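Descriptive structure summary
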Amino acid sequence: MVDKETQIKVLLYGNPFDFACKTLGVENMRYHHYSKVFTVSQEEVYAYTEVNGIPQSDSTSKDSMGEGFHYFEEEAKWYTFFRERGSIYHEKNFDDYELGKKYIVLTLLQLAGTGLY
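Cut-offs used in this document
Residues numbered from 1 in each chain as written. Predicted model: local features only at pLDDT ≥ 70, side-chain atom pairs only at ≥ 80, totals over all residues. Heavy atoms only, no water. Buried < 20%, exposed > 50% of the residue type's maximum accessible area, 1.4 Å probe, protein only. Helix = DSSP H or I, 4+ residues; strand = E, 2+ residues; numbered from the N terminus. Contact = heavy atoms within 4.5 Å. Polar contact = N/O pair within 3.5 Å; in protein donor to acceptor, adjacent residues only side chain to side chain. Core = buried A, V, L, I, M, F, W, Y, C linked by side-chain atoms within 4.5 Å. Axes fitted to C-alpha atoms, helices over the stretch in contact; angles between N-to-C directions. Parallel < 35°, antiparallel > 145°, perpendicular 65-115°, else oblique. Left-handed = near helix turned anticlockwise from the far one by under 90°. Phe/Tyr/Trp six-rings, centres within 6.5 Å; stacked < 30°, edge-to-face > 60°. Lys NZ or Arg CZ within 6 Å of the ring centre and 35° of its normal.

Time to look at helix 1 (residues 4-13). Residues spaced three or four apart along an α-helix face the same direction, because each turn holds 3.6 residues. Along helix 1, the positions that sit buried rather than exposed are Gln-7, Ile-8, Val-10, Leu-11 and Leu-12. Residues of helix 1 that are buried in the fold lie against helix 2 (16-24), helix 3 (42-52) and helix 4 (97-111). N-capping of helix 1 is provided by Asp-3, with a side-chain oxygen placed 3.3 Å from the backbone N of Glu-5.

The structure is reproduced here in structure tokens:
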């Protein structure tokens, strides 16, 4: 079994697909379950980010042109959005700092593609 800290780092910063395939010794995850590799809960991931912070987003403002999920903090508020083909979708602003952080962690876990969260 893979230790929890490694699991969390892979989910937040790495490539869960490649990691799971290597861990299970398979070419793809078609007939396998991520739950055999990733056993951490969303709460454990959030607790990790409480100590170590959340991954750095490429965004520092809404003007970021990269595609994907973006988030940034400004004056103790979180701003999040998805950019695709130059358009912004699902823009959210969080006055509650912790609520915003929880949303970011949940979104990052969902984007990891494991289907566990």
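Don't stop here, the text continues.
Take the environment of His-32 next. With respect to the secondary-structure elements, His-32 resides in the loop between helix 2 and helix 3. C-alpha of His-32 to C-alpha of Phe-94: the two residues are 62 residues apart in sequence and 37 Å apart in space. In this structure His-32 touches Leu-24 and Val-26, once residues within four positions along its chain are discounted.

Moving on, we get to the side chain of Thr-49. For Thr-49, the position within the fold is in helix 3. Taking the relative accessible area as the measure of exposure, Thr-49 reaches 0% and is therefore buried. If we skip the residues at most four places from it in the chain, Thr-49 touches Leu-12, Ile-54, Lys-101 and Val-105.

We now examine the nonpolar core. One recurring pattern in soluble globular proteins is that nonpolar side chains are buried together. With 25 residues, the main nonpolar core has Phe-38, Val-45, Tyr-71 and Ile-104 as its most contacted residues. Per-element accounting of this core gives the leading share, 5 residues, to helix 4.

In the contact formed by helix 3 and helix 4, the axes pass within 10 Å of each other and the chain directions differ by 120°. As summarised for this structure, helix 3 and helix 4 are arranged oblique, according to the angle between their axes. Where helix 3 crosses over helix 4, the handedness of that crossing is right-handed. Note on element contacts: helix 4 touches helix 3 through Glu-98, Lys-101, Lys-102, Val-105, Leu-106 and Leu-109, opposite Gln-42, Val-45, Tyr-46, Thr-49 and Glu-50.

Right, let's get into the packing of aromatic side chains. Going through the model one piece at a time under the given rule, you end up with 9 aromatic pairs. An aromatic cluster of three or more residues is present, and its members are Phe-69, Tyr-71, Trp-78, Phe-82, Phe-94, Tyr-97 and Tyr-103. Between Lys-102 and the ring centre of Tyr-46, over which it is positioned, the NZ or CZ distance is 5.4 Å.

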